[in-house]
Amino acid sequence: MSTREKLPVRDKMRIIHDSKRPTIDDYVKTIFDDFIELHGDRAYADDYAVCAGIATFQGIPVTVIGHRKGKTTEENIKANFAMAQPEGYRKALRLAKQAEKFHRPVIFFVDTSGAFPGVGAEERGQGEAIARCLSEFMVLRTPIISIVTGEGGSGGALAFAVADRVLMLENAIYSVISPRGCASILWKDASREFEAAERLKITADDLFSFGMIEGIIPESGSILRNVKKAISEQLRSLLSEPQIDQLLEKRYEKFRKIGIFEE
């Protein structure tokens, strides 16, 4: 990792919005076999902003869940720019609980600026849906891998990042709030988003140094191939755990340590 070029955060923010960057649809087509997308939260509707289904990975049955972005304006409008509604998070939880029942590992792909903040989403329980994901994924009795592939913004991203292994692509960002939102709140000036991004420490290198993620996936060569290799390594490690209770204890302790510091 020492040979990677460490770009300024403003350059990373431009890279992750490149329309040629792989999306969840590219990952499921290239990395997994026999992917079948499943729909609906069994309560209200289906949310196209969340892609979720079952597949096999190197012969292992898995559940794949991720935020969906498009490569064109029309595709992004259809996917609500990857900003999920409550039913998207409830669909994810439904499939994760199904994965637990059938002992399938869950693999998340995170790429969203945040959950959708519309009135309808709030009326249908956006906060509760995200909170339920955080609570349930913490104790889900099956291995979980989460990969931040582009934007990882706020609770909308964290809902899919309670995992045994959290990885980031080298140019991805992950933060409690979008840099633009941070600048708007702190300085009432959204144009200072790059300054906010620098202060937030949201790059993969920053978060790895803080111990908040387990690894950085390089983007040199083929991103899809590098992600596949990382999943293979992490999945092999997680499946070697002798007891699921030990895995859950490590998952819990991992998140309990976040935010601890010494002066």
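Notes on the structure follow.

About the cut-offs
Residues numbered from 1 in each chain as written. Predicted model: local features only at pLDDT ≥ 70, side-chain atom pairs only at ≥ 80, totals over all residues. Heavy atoms only, no water. Axes fitted to C-alpha atoms, helices over the stretch in contact; angles between N-to-C directions. Helix = DSSP H or I, 4+ residues; strand = E, 2+ residues; numbered from the N terminus. Parallel < 35°, antiparallel > 145°, perpendicular 65-115°, else oblique. Left-handed = near helix turned anticlockwise from the far one by under 90°. Contact = heavy atoms within 4.5 Å. Nonpolar A, V, L, I, M, F, W, Y, C, P; charged D, E, K, R; others polar. Expected span 1.5 Å × (residues − 1). Buried < 20%, exposed > 50% of the residue type's maximum accessible area, 1.4 Å probe, protein only. Pairing = 2+ DSSP bridges. Phe/Tyr/Trp six-rings, centres within 6.5 Å; stacked < 30°, edge-to-face > 60°. Core = buried A, V, L, I, M, F, W, Y, C linked by side-chain atoms within 4.5 Å. Salt bridge = Lys/Arg side-chain N within 4 Å of Asp/Glu carboxyl O.

A word on the packing of helix α4 (residues 86-101) against helix α6 (residues 126-138)
Packing of α4 against α6 leaves a shortest axis separation of 8 Å and a crossing angle of 20°. By the criterion of interaxial angle, the relationship of α4 to α6 is roughly parallel. At the point where α4 passes α6, the crossing takes the left-handed sense. Seen from α4, the contacting residues are P86, Y89, R90, A92, L93, A96 and K97; seen from α6, they are Q126, E128, A129, I130, R132, C133, E136 and F137. Residue composition of the contact of α4 with α6, grouped by class: nine nonpolar, one polar and five charged.

A few points about α4
Compared with the 22 Å implied by 1.5 Å per residue over 16 residues, the 23 Å span of α4 between its first and last C-alpha is a close match. Taken together, the buried positions of α4 are occupied by P86, E87, G88, Y89, K91, A92, L93, L95, A96, A99 and E100. Structurally, α4 contributes buried residues whose contacts are with β2 (50-57), β3 (60-67), β4 (106-112), α5 (119-123), α6 and α7 (154-158). Directly after α4, the chain includes H103, whose backbone phi takes a positive value near 60°.

Structural notes on the pairing of β3
Along β3, six of the eight residues are buried, which leaves the element largely enclosed by surrounding structure. Where β2 meets β3, eight bridges bridge the pair, whose relative direction is antiparallel. Bridged to V50 within β3 is H67. Where β2 folds back onto β3 in an antiparallel hairpin, the turn is made up of two residues, including Q58, whose phi is positive at roughly 50°. Bridge count for β3 against β4 is four bridges, and the pairing is parallel. Bridge pairing in β4 places I65 opposite F108.

A look at the packing of aromatic side chains
Summed over all chains, the structure comprises six aromatic pairs. Aromatic side chains Y27 and F109 sit 4.8 Å apart centroid to centroid with 20° between the ring planes, which places their arrangement in the stacked category. Placement of Y27 in helix α2 (residues 24-30) and of F109 in strand β4 is noted, with a sequence separation of 82 residues between them. Ring centres of F108 and F160 lie 5.1 Å apart, and the angle between their planes is 20°; on these two criteria the pair is classed as stacked. One end of the pair, F108, is in strand β4; the other, F160, is in the loop between α7 and β6 (165-169), with 52 residues separating them in the sequence.

Regarding the nonpolar core
In this structure, F32, F109 and V227 are the most contacted members of the largest nonpolar core, which totals 62 residues. Top contributing element to this core by residue count: helix α11 (residues 223-239), with seven residues. Counting residues in each nonpolar core, the second largest holds seven residues, with I173, F194, A197 and I202 among its members.

Describing unusual backbone geometry
Phi is positive for F81, close to 55°, though the residue is something other than glycine. A relative accessible area of 42% places F81 in the partly exposed class. Positive phi, normally seen in glycine, also occurs at K188, with a value near 55°. Inspection of the secondary structure puts K188 in the loop between α8 (179-187) and α9 (193-200).

Side note on the pattern of salt bridges
Enumeration over the complete set of coordinates arrives at 20 salt bridges. Here D11 makes a salt bridge to R14, at a shortest N to O gap of 3.2 Å. Highlighted residues: D11 and R14, both in helix α1 (residues 9-15), separated by three residues, approximately one helical turn. Owing to a relative accessible area of 29%, D11 belongs among the partly exposed residues under this scheme. A relative accessible area of 47% places R14 in the partly exposed class.

Overview of the packing of α8 against α9
Packed helices, taken two at a time, are described by the angle between their axes plus the distance between the axes. Here α8 crosses α9 at 100°, and the two axes come no closer than 8 Å. As far as their axial angle goes, α9 and α8 are roughly perpendicular. Of α9, the residues touching α8 (which contributes P179, R180, C182, A183 and W187) are E193, E195, A196, A197, R199 and L200. Residues that form the contact of α8 with α9 fall into these classes: seven nonpolar, no polar and four charged.

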